Amino acid sequence: MDDMNAPYTVDRGQERNSLPSQSYLDIYTNQDTGLMFKVSVYGKGGVGKSTVSANLSYLLSLRGYRVLHIGCDPKHDSTRLLTDGKPQKTFLDCMADKDGDPMVSGSAGVMCIECGGAEPGIGCAGKGMSAMFAYLETNTPDDIDMTVCDVLGDVVCGGFGVPMRRSNTDAVILVVSEDFMSLYATNNILKGVRNLNGTECVLGMVVNSRSPEHFGRVEAFSEATGVPVIAVLPRDPRFSDAEGIGKTLCELYPDSGPASELGRIADAVVAAAEGRARPVPAAPLDDESMTDIAAMRRTVPRPAPTGRKVRGFDTFDASRGIVYRRKQAMPACTSHGAVNFLQEIGDAAVVVHGPRNCAWLMSFARDREAAMSRPGVSPMRPDNIYSTGLDSGAVFAGGRTELEETLRKVRGDGFGTAFVVMTCTAEAIGVDLTRECSDIAVPGLTIIPVAPDRRFLSSRFGGREGAMDAASRFAVPVSEPEKDTVCLLGIGGRPEDDPISSRFLEDLLGAFGLRISARLPDETAIGAFRAMASSEFVIVPSRGYYAEMLAGHLAAGRKVFGAEPLRGIRGVEDWCGLLRAMTGRDGGGFLERCRKEYGEGLSEAGRGLRGKKVLMYSGDSIMPPDVVDTCIDLGMEVVAIAVWPPAVYNTVRRPNPHAGIRVIEDVSLCGLKDVAREVGADLVVTNHLRAGKTGLPNISFMTDHLAHIGSVVWARRASNAMRIKPEPAWRVRHEG
Amino acid sequence: MRDDCDGFLGAVFAAEGTGGFRALVNGPGGCRSRTQILAHDVFPEYGGDSLCCLQSEYMGRTTRVPCTFLNGDDMVFGSSGKISDGIRSVAEATGDRIVLVDTLGASVQVADREAACEASGFGDRVLLSSEDVSSMSFSQGFDDTMRRIVEHVSPENGCSNGRRVNILGYGAFDQDWMFGKESIRAMLGAMGVEVVSFVGADDAETIAESGSADFNVMVHPECARSTAEWYSEHLGIPFVEPSMGAPVGFDSCRRFLGEVSDVTDLEDGAAVEILDREERRIFRTVRNYDKYAHSLRGYGAAFEGMPSDILPLMEWMYSLFSLVPESVRILRTSDPAESEGIRRFLREIDAEGALDAKIPESGVKAVFADHVTARRRKGEDHRRACVGIGMPFVGVCGIADRSLPWMNGCRYIVDSVLNGLGMFRCGQPTAADFK
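Everything in this summary refers to the structure shown in the same document. Because the structure is predicted, anything quoted here is derived from the model rather than measured. (Residues numbered from 1 in each chain as written. Chains lettered and ligands numbered in written order. Predicted model: local features only at pLDDT ≥ 70, side-chain atom pairs only at ≥ 80, totals over all residues. Heavy atoms only, no water.)

1. A short note on the overall build of chain A
A tally of helices and strands in chain A yields 28 helices and 24 strands. Here chain A, with 736 residues, has 55% of them falling under the buried criterion. Partitioning the contacts of chain A with sequence separation of at least 6, the portion at a separation of at least 24 is 74%. Per element, the accessible surface of chain A, about 30600 Å² overall, is 51% carbon and sulfur. (Helix = DSSP H or I, 4+ residues; strand = E, 2+ residues; numbered from the N terminus. Buried < 20%, exposed > 50% of the residue type's maximum accessible area, 1.4 Å probe, protein only. Contact = heavy atoms within 4.5 Å. Areas by Shrake-Rupley, 256 points an atom, 1.4 Å probe, with all protein chains shown as cover.)

2. A look at the nonpolar core
Residues and elements named next belong to chain B. In this structure, F13, I167, F321, V328, F368, M391 and I413 are the most contacted members of the largest nonpolar core, which totals 141 residues. Looking at this core, the element that brings in the most residues is helix α18 (residues 406–420), giving eight residues. Apart from residues lying up to four places away in sequence, F13 is in contact with L38, V42, F43, F138, F142, A172, F173 and M391. (Core = buried A, V, L, I, M, F, W, Y, C linked by side-chain atoms within 4.5 Å.)

3. Considerations on the sheet that holds strand β14 (residues 417–422) of chain A
Hydrogen bonds between backbone atoms are what pair the strands of a sheet, whose relative direction is either parallel or antiparallel. Residues and elements named next belong to chain A. The four strands lie next to each other as β13-β12-β14-β15, forming an open sheet whose pairing is parallel. Of all strands in the sheet, those with a lone pairing partner are β13 (385–387) and β15 (446–449), marking the two edges. Taking each pair of neighbouring strands and ignoring which way they run, the sheet shows an average axis angle of 25 degrees. Lying on the sheet, helix α14 (residues 356–373) is in contact with β12 (349–353) and β13; it crosses β13 at an angle near 160 degrees. Running over the sheet, helix α16 (residues 400–412) touches β12, β13, β14 and β15 and is turned about 165 degrees from β12. (Pairing = 2+ DSSP bridges. Axes fitted to C-alpha atoms, helices over the stretch in contact; angles between N-to-C directions.)

4. Remarks on the pattern of salt bridges
All names here are of chain A. For the structure shown, the criterion picks out 63 salt bridges over all chains. The residue E288 makes a salt bridge to R302 at a minimum N-O spacing of 3.9 Å. Separated by 14 residues along the polypeptide, E288 in helix α12 (residues 287–294) and R302 in the loop between α12 and β10 (315–317) bring together distant segments of the chain. A residue is classified by how much of its surface remains accessible, and E288, at 51% relative accessible area, is exposed. Each of the salt bridges in this network shares a partner with another, and the network as a whole consists of R400, E404, R408, D432, R435, E436 and D439. (Salt bridge = Lys/Arg side-chain N within 4 Å of Asp/Glu carboxyl O.)

5. Re the pairing of strand β5 (residues 194–199) of chain B
Residues and elements named next belong to chain B. Extensive coverage of β5 is indicated by the burial of five of its six residues. Bridge analysis of strand β4 (residues 164–168) against β5 gives five bridges, and the strand direction is parallel. Bridged to N166 within β5 is S197. In this view, the connection linking β4 to its parallel neighbour β5 by way of helix α9 (residues 177–189) has right-handed handedness. (Right-handed = clockwise from strand over helix to strand, strands pointing away.)

6. Quick look at the packing of helix α8 (residues 138–153) of chain B against helix α11 (residues 225–235) of chain B
All names here are of chain B. For the pair α8 and α11, the least separation of the axes is 7 Å and the interaxial angle reads 30 degrees. By the criterion of interaxial angle, the relationship of α8 to α11 is roughly parallel. Residues D143, D144, M146, R147, V150 and E151 of α8 form the contact with α11, whose participating residues are R225, S226, T227, W230 and Y231. Residue classes in the contact of α8 with α11 are distributed as four nonpolar, two polar and five charged. (Parallel < 35°, antiparallel > 145°, perpendicular 65-115°, else oblique. Nonpolar A, V, L, I, M, F, W, Y, C, P; charged D, E, K, R; others polar.)

7. Focus on the packing of aromatic side chains
A complete count under the given rule lists 19 aromatic pairs over all chains for this structure. An angle of 90 degrees between the planes, with centres 6.0 Å apart, marks the rings of Y386(A) and F415(A) as edge-to-face. Placement of Y386(A) in strand β13 and of F415(A) in the loop between α16 and β14 is noted, with a sequence separation of 29 residues between them. There is no split in this pair, since Y386(A) and F415(A) are both buried. With a centroid separation of 6.4 Å and 45 degrees between ring planes, the pair formed by F13(B) and F43(B) is classed as tilted. Highlighted residues: F13(B) in helix α1 (residues 7–16) and F43(B) in the loop between α2 (29–42) and α3 (52–55), separated in sequence by 30 residues. Of the two residues examined, F13(B) and F43(B), each falls in the buried class. Put simply, the rings of F13(B), F43(B), F138(B), F142(B), F173(B) and W177(B) touch in pairs and so form one group of aromatic residues. Sitting over the ring of Y253(A), R238(A) keeps its end group 6.0 Å from the ring centre. (Phe/Tyr/Trp six-rings, centres within 6.5 Å; stacked < 30°, edge-to-face > 60°. Lys NZ or Arg CZ within 6 Å of the ring centre and 35° of its normal.)

8. So, the interface of chain B and chain A
Contacts between chain B and chain A engage 66 residues on the former and 70 residues on the latter. When chain B packs against chain A, the two sides together hide about 5700 Å² of surface, and 55% of this comes from carbon and sulfur. Broken down residue by residue, the surface that chain B buries against chain A is led by R2(B), R34(B) and R375(B), which jointly contribute 15%. The residue R376(B) makes a salt bridge to D367(A) at a minimum N-O spacing of 2.9 Å. Counting every contact that joins chain B to chain A gives 15 residue pairs in polar contact (both at pLDDT 80 or more). Elements with a contribution of two residues or more to the side of chain B that touches chain A: α1, α2, α3, α4 (72–77), α5 (80–94), α6 (104–107), α7 (113–120) and α17 (371–380) of chain B. Residue contributions to the side of chain B that touches chain A peak at 10 residues, all from α2(B). (Buried area = accessible area lost by both parts, 1.4 Å probe. Polar contact = N/O pair within 3.5 Å; in protein donor to acceptor, adjacent residues only side chain to side chain.)

9. A closer look at the sheet that holds strand β1 (residues 21–26) of chain B
Residue and element names in this part refer to chain B. Pairing in this open sheet of three strands is parallel, and the strands run β1-β2-β3 from one edge to the other. Two strands close off the open sheet at either side, each with one partner strand: β1 and β3 (126–128). In this sheet, adjacent strand axes meet at a mean angle of 30 degrees when their direction is disregarded. Docked against the sheet, α7 engages β2 (97–102) and β3, running at close to 175 degrees with respect to β3. Those strands touched by α8 are β1, β2 and β3, and its axis lies near 145 degrees from that of β3.

10. What to know about the pairing of strand β4 (residues 111–114) of chain A
Residues and elements named next belong to chain A. Burial along β4 is two-sided: M111 and I113 facing one way and C112 and E114 facing the other are all buried. Both strand β2 (residues 67–71) and β4 contribute to a ladder of four bridges, which runs parallel. Residue G71 lies in a different strand from β4, and its bridge partner there is E114. Sheet topology places strand β3 (residues 103–105) next to β4; three bridges connect them, and they run antiparallel.

Here is the structure:
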């Protein structure tokens, strides 16, 4: 062909391209140019890719090229025709055993490598493929001129797309039959080539003929996609003979008709390698065009739509029922919520089935929280988080061995119960956790799989619901509950973190003749779940979604009492009312004592606050009621609630419960100063870190303790805020 | 902490520790959120409000460790689009170069990262960490990524004067590394050696100048080997590998100075004199509290950490306080060659059984480990001195200097051991008890 840029087209009736009269080998050898021509053979499963590619490798080798044949099918049968029918040790087996050479020399000196795969249905073969190509980058023998890559028919994931990437393929050969499904699969492969390669790299189709009467379908497809037919292989029993003894047909019957036709494929490859023919770009068809092809009709080529490239950040948090808005992407995790919940159960281990970093970072986050909550106080939280330590090798093997070893270690460390939580890695490779946990037997260890979320990676507290379910197996209600006992579900915080509040809670319940049997899910033990099940009462402070979920999962069969948060003096009043209703007891003057303490505390702590005007600034129009109450009880006036611009979540605006207080929506920090001036505020109450920019006295909503005790401390801080500078020195001096 | 971190974190530390580079984590935001907390702790300084965190959704409203925030849809339908968009967005918002680091979960997708980088339009400002970074140890991940960063910056040979060095294998993984840098600079400065760049704890500009160094000096060899080899191969800069590990403790500092002196031909006498003087001063204090120091004699010690920290510390504690290693856990590396020095020393003192042994419930008076573990061990037995020698640094803002190299490290260790013992040794106020 004279025109080097002309598309390579070989029609059945045309004269085929002939080999050049002069060998180009000496200008094309790898040793001289450092180049290597890479061919990938694709097609629907069972269409004959391995037969075609093995024969192609053999023929190219006979023509003087140094060929590396790469089998990419997990069932690893691509090279057997080049190795006398003997299966070679696969790359992944070598990697798993850390032993053996994955590359062997086959017929006509063709170098052979088989990727192999994990057990069918286990692990991630695509990841294995990726690992093999990484290996080949540095381990392909220097003298290789050509690679022939025999690839699994369906491009099911990125891993199986690796061979068709621009860096891995110069020419794609598509093996087809006249069946529509074969062409449909081929069209999908073209989509993959377009997405992953995008260059002119489709050399042509090889028709492994099964029904010659339907050849028109292939012709119509070829015409519509522009992919030429480079060879048509007839049905021939000699293929079967050759396969039976583990040889290529070209080796066994070199002068046969099929061998001659296979030679045309080698011609095409050599022509492309030498630059005498140019492959065509992948131009897959849309479904409508493919319908025409199915009917063997010529079609107007309509390109298949391209895939969506960037998906959104607006993400639905399935476990909390909120949508994260753009600029605040949801830090999705499949296991954070589960580990967070289960790690509190000190006498059970939490096995994180994933890479080491997951467990390490979760342990770090937990210990960091403990250390910062209780600096200098010991002991720390339970040391019960384990990792199965998945890495690339474990990923394509399925991770079962690592899970089993870890569970044995857990038992060896003395734990009798292990919760197993899946990370996104384990989920992505399709680990069947329920089956694996039931198959693995470790004497003395109860292994509890934690069910993953129904929607993959759709929560920042992923796995929490499954964790609650898993733990609920220990909370089996008893027929005779223990009298005067109360289980607190979701009160939050550990008693050690705030002994003042804990003492108050015990005093409050004690005043009504009750005692706490368990606090869940605060730092606890399996026994606490049993204690919960035998408690006479279960109280769930209304702390929102999780407390309710917790009650739903753990309190089955028990009578659950909802309570308002135990905040401020109104919280004490609410709780006393609830406890009175639950027990029929009057609390022995407990509420009156609290009211007295509160009144005295405010009059002492809240000096200088009476008559001051307060502006509250928050992301929500609903303010902490205890702070609002405290302001009013101090004789202050809450003049307005300014609400931040919506930026983070699509929090549903709830009705303003603070009757008589004006709400001003959509106030940026820059606009806060104007609002403060407008309403005549003396004090800004907000958790915004830069509120000092208003130049006004400011203080956060934070109350350190439950009940009225926290209110009195807050009043003291508010009073101090009127005297101190709006911004501390560290904030304003040397800034930037 | 039961398990060790892996190469993913090492890669993030290399990128985030190099000024002008950002680690763009390709993975779900959950992986990033804790990494970002850790980064917040190990990079404790912040100059002021930076708008970049608001200009790109991939920054997640913070200034460190941007992320592609993959969700379920991305994992199913592919992440190439987000990689391209993330690179473009972060590069535009920060002006920095990007190191793309895959989480293991994201790597299962086997996205075509090269093509995604190219499609971002910022391909020349992006470099890829190894696809297999989660299979590496922390130190390998750090070293491998650091080498790629150096390659990307592509320093050239410059004007050298025989006394210029780069420091390799020193980064934010080292305790209070900002102070540590100053200590190392002071240590080498005392013998007339100038540090051109801390490769791994400096900015890209100094790496660009690092080709003018005469030598590379490794502090933590396990975190620097391939980077050192790159310099040697491409720029002909030889490297010094300290035989006793990092300059932690007086003995190792002396050896370190001697080895630098050997290759640079510069006299180390002045630096050694400074060191000797400080050692004498510390010993005078120790002698004043000799009952405490003496009480350690023959007791066990436990060590957890990087081999290049553990080896010098273990040898020093053995000679200084006669503390015998009874539990040694090597972290951050999976290469047995890196721990050969530790094995040799344990063989020499007939304590081979200490390697990988659990800490005995009794008879151990000092534990050296990361701050979290040290705190936990203290909680188990308050009579032990439990000394934090590495990250993570729970609840520590990095305001005081507790870096390990050079003299500050010596003071910190001795102080922590003697003041960490839960014991009272006063006795009667007689001349016999007080010096």
